[in-house]
Amino acid sequence: MHFKVTVNGKELERHDAREDDLLIDFLHEEGLTGTKFSCGIGQCGSCKVAVQAGKDPEMIPVLACFARLDSIQGMRVTTVEGLHGRGKLHPLQDAFLKGYAFQCGYSTPGMLMAGHILIERLRHQPVETRNLDREITSAISGHVCRCTGYIRYYQAIKDVILSWGGKALVKPSARPPKAG
């Protein structure tokens, strides 16, 4: 199979790929080892990456240990290595560091990607402030953190969303109607 994909803005091709090759193996063979292999059955979230089809800006969370190459042919993939920009940490990476959001770090790449995908979705579809907690919880659900750092991951993601400079990711909650 001739496989072609864009990873972190760089077009990659492989002429000897098999349809059932795993995305995580492809990424690691390309030197992108930030995406972690942990459970191998798509249950822990450590291998989460963001995938975009065509020119659609919507990022789809994909578990790289489970995704076969034929399922992402021609798509755009963002890995944890693609979060930084021009030598600077992504605000989520910075918040994770400052908030000591991780211990062993194994779940960190997946949690970063979950937060990044949520932020990108909120750029296009802001939520009311009262619904933000639910959105963050939903984004990181399905992630296994062996060191129980969920609260710190959660708080770091929330801090970034609430402080995102000038970007309207959340909107004020509508006031409930007055009781009559």
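Details of the structure are given in the entry above.
Residues numbered from 1 in each chain as written. Predicted model: local features only at pLDDT ≥ 70, side-chain atom pairs only at ≥ 80, totals over all residues. Heavy atoms only, no water.

Caption draft 1: Summary view of the packing of helix α3 (residues 108-124) against helix α5 (residues 150-163). Running from N to C, α3 and α5 cross one another at 30°; their axes reach a closest spacing of 11 Å. Taken together, the axes of α3 and α5 lie roughly parallel to each other. Where α3 crosses over α5, the handedness of that crossing is right-handed. For the pair formed by α3 and α5, the contact residues are Thr108, Met111, Gly115, Leu118, Ile119 and Leu122 on the first element and Tyr150, Tyr153, Ile157, Val160 and Ile161 on the second. For the contact of α3 with α5, the per-class residue count stands at 9 nonpolar, 2 polar and no charged. (Axes fitted to C-alpha atoms, helices over the stretch in contact; angles between N-to-C directions. Helix = DSSP H or I, 4+ residues; strand = E, 2+ residues; numbered from the N terminus. Parallel < 35°, antiparallel > 145°, perpendicular 65-115°, else oblique. Left-handed = near helix turned anticlockwise from the far one by under 90°. Contact = heavy atoms within 4.5 Å. Nonpolar A, V, L, I, M, F, W, Y, C, P; charged D, E, K, R; others polar.)

Caption draft 2: Geometry of empty space enclosed by the protein. Counted by the stated rule, this structure contains 1 cavity of 30 Å³ or more. When its volume is computed, the largest cavity comes out at roughly 60 Å³. Class assignment for the residues of the lining of the largest cavity results in 5 nonpolar, 3 polar and 1 charged. (1 Å grid on protein atoms, 1.4 Å probe; cavity = no way out; pocket = protein on both sides within 12 Å on 5 of 7 lines; lining within 4 Å. Points joined across faces, edges and corners; volume = space filled by probe spheres on them.)

Caption draft 3: Broad picture of the pairing of strand β1 (residues 3-7). Most of β1 is tucked away, with 4 of its 5 residues classed as buried. Note: β1 against strand β2 (residues 10-14), 5 bridges, orientation antiparallel. Pairing of Thr6 across the sheet is with Glu11, part of β2. Alignment of β1 against strand β5 (residues 76-78), held across 2 bridges, turns out to be parallel. Within β5, the residue paired with Val7 across the bridge is Val77. (Buried < 20%, exposed > 50% of the residue type's maximum accessible area, 1.4 Å probe, protein only. Pairing = 2+ DSSP bridges.)

Caption draft 4: Structural detail: the sheet that holds β5. If you walk across this open sheet you meet the 5 strands as β2-β1-β5-β3-β4, and the pairing is mixed. Only two strands of the sheet have a single neighbouring strand rather than two, namely β2 and β4 (60-63). Here the strands of the sheet are splayed against their neighbours by 35° on average, with no regard to which way each runs. Note that strand β3 (residues 48-52) and β5 share 3 bridges and pair antiparallel. The residue of β5 that forms the bridge with Ala50 is Thr78.

Caption draft 5: Region of interest: the layout of surface pockets. If you add up the space inside the largest pocket, you get close to 290 Å³. In terms of lining residues, the largest pocket is bounded by 15 residues, among which Met59, Pro61, Ile117, Leu118 and Arg121 are the most central. Mapped onto the lining of the largest pocket, the elements with two or more residues apiece are α3 and α4 (132-140). Residue contributions to the lining of the largest pocket peak at 6 residues, all from α3. Its residues placed into classes, the lining of the largest pocket shows 7 nonpolar, 3 polar and 5 charged.

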